[in-house]
Amino acid sequence: MGERYRIAVENSEEQFHCSADTTLLVGMERAQNQALSVGCRGGGCGVCRIRVLRGEYERKRMSRAHVSEQEEQNGVALACRIMPRSDLLICADPSEHAKTSANQSDNNNA
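Trainee: Just give me the short version of the overall build of the protein, but keep the residues and values in it.
Mentor: If you tally the helices and strands in the protein, you get 3 helices and 7 strands. In sequence order, the protein lays out its α and β elements as β-β-α-β-β-α-β-β-β-α. Evaluated residue by residue, the protein yields a buried proportion of 41% over its 110 residues. For the protein, the share of sequence-separated contacts (at least 6 apart) that also reach a separation of at least 24 residues comes to 56%.

Put into structure tokens, the structure is as follows:
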């Protein structure tokens, strides 16, 4: 088994550990944690979309139907397609995270 990293979910008490040779989704399931939504487990459905807010990870190929190139550059990924290379802080629903950030910006500009 490879090195293990702590995966924390923003705005939640949820966290789990995941080894470097395991995808986040499999690591979460092995830890019997339910922090993320589970779908097809192969990158085809997009149910496990997350945003990595902090930390390093390795990406496997992801469907552009669920994660655009620009989103990928901004840390959006499918939990079934990435493996940690350091401790990670993730947001389980990147669309909600983006709305929250936009609302905070709007409120700051008011």
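Trainee: Please give an account of the pattern of salt bridges that cites residues and values.
Mentor: Tallying each qualifying case throughout the model produces 5 salt bridges. Across the salt bridge formed by Arg49 and Glu71, the nearest N and O atoms sit 3.2 Å from each other. Separated by 22 residues along the polypeptide, Arg49 in strand 3 (residues 49-54) and Glu71 in helix 2 (residues 69-73) bring together distant segments of the chain. Since its relative accessible area comes to 27%, Glu71 is described here as partly exposed. For Arg85, the salt bridge is made with Glu58, and the minimal N-O distance between the two is 2.4 Å.

Trainee: Account for the sheet that holds strand 2 (residues 15-19), naming residues and giving values.
Mentor: Strand order in the open sheet formed by 5 strands is 2-1-7-3-5, and the pairing between neighbours is mixed. In the strand order of this sheet, the two ends are held by strand 2 and strand 5 (76-78), each with one partner. Here the strands of the sheet are splayed against their neighbours by 40 degrees on average, with no regard to which way each runs. Strand direction decides the pairing type here: strand 1 (residues 4-9) and strand 7 (residues 88-91), joined by 3 bridges, are parallel. Pairing of Ala8 across the sheet is with Leu89, part of strand 7.

Trainee: For the pairing of strand 2, give the residues involved together with the corresponding values.
Mentor: Sheet topology places strand 1 next to strand 2; 5 bridges connect them, and they run antiparallel. Paired with Ala8 across the two strands is Gln15, which belongs to strand 2.

Trainee: Tell me about the environment of Met83, residues and numbers included.
Mentor: Inspection of the secondary structure puts Met83 in strand 6 (residues 82-84). Given a relative accessible area of 10%, Met83 falls into the buried group. For the pair Met83 and Ala20, spaced 63 residues apart in sequence, the C-alpha to C-alpha distance is 5.8 Å.

Trainee: Any chance you could break down the environment of His17 for me, citing the residues and the numbers?
Mentor: Checked against the element boundaries, His17 lands in strand 2. His17 gets classed as partly exposed once you look at its relative accessible area, which sits at 39%. Between the alpha carbons of His17 and Ala31 there is a distance of 7.1 Å; along the sequence they are 14 residues apart. Each residue touching His17, except ones within four places of it in the same chain, is listed here: Arg4, Tyr5, Arg6 and Gly27.

Rules behind the numbers
Residues numbered from 1 in each chain as written. Predicted model: local features only at pLDDT ≥ 70, side-chain atom pairs only at ≥ 80, totals over all residues. Heavy atoms only, no water. Helix = DSSP H or I, 4+ residues; strand = E, 2+ residues; numbered from the N terminus. Buried < 20%, exposed > 50% of the residue type's maximum accessible area, 1.4 Å probe, protein only. Contact = heavy atoms within 4.5 Å. Salt bridge = Lys/Arg side-chain N within 4 Å of Asp/Glu carboxyl O. Pairing = 2+ DSSP bridges. Axes fitted to C-alpha atoms, helices over the stretch in contact; angles between N-to-C directions.

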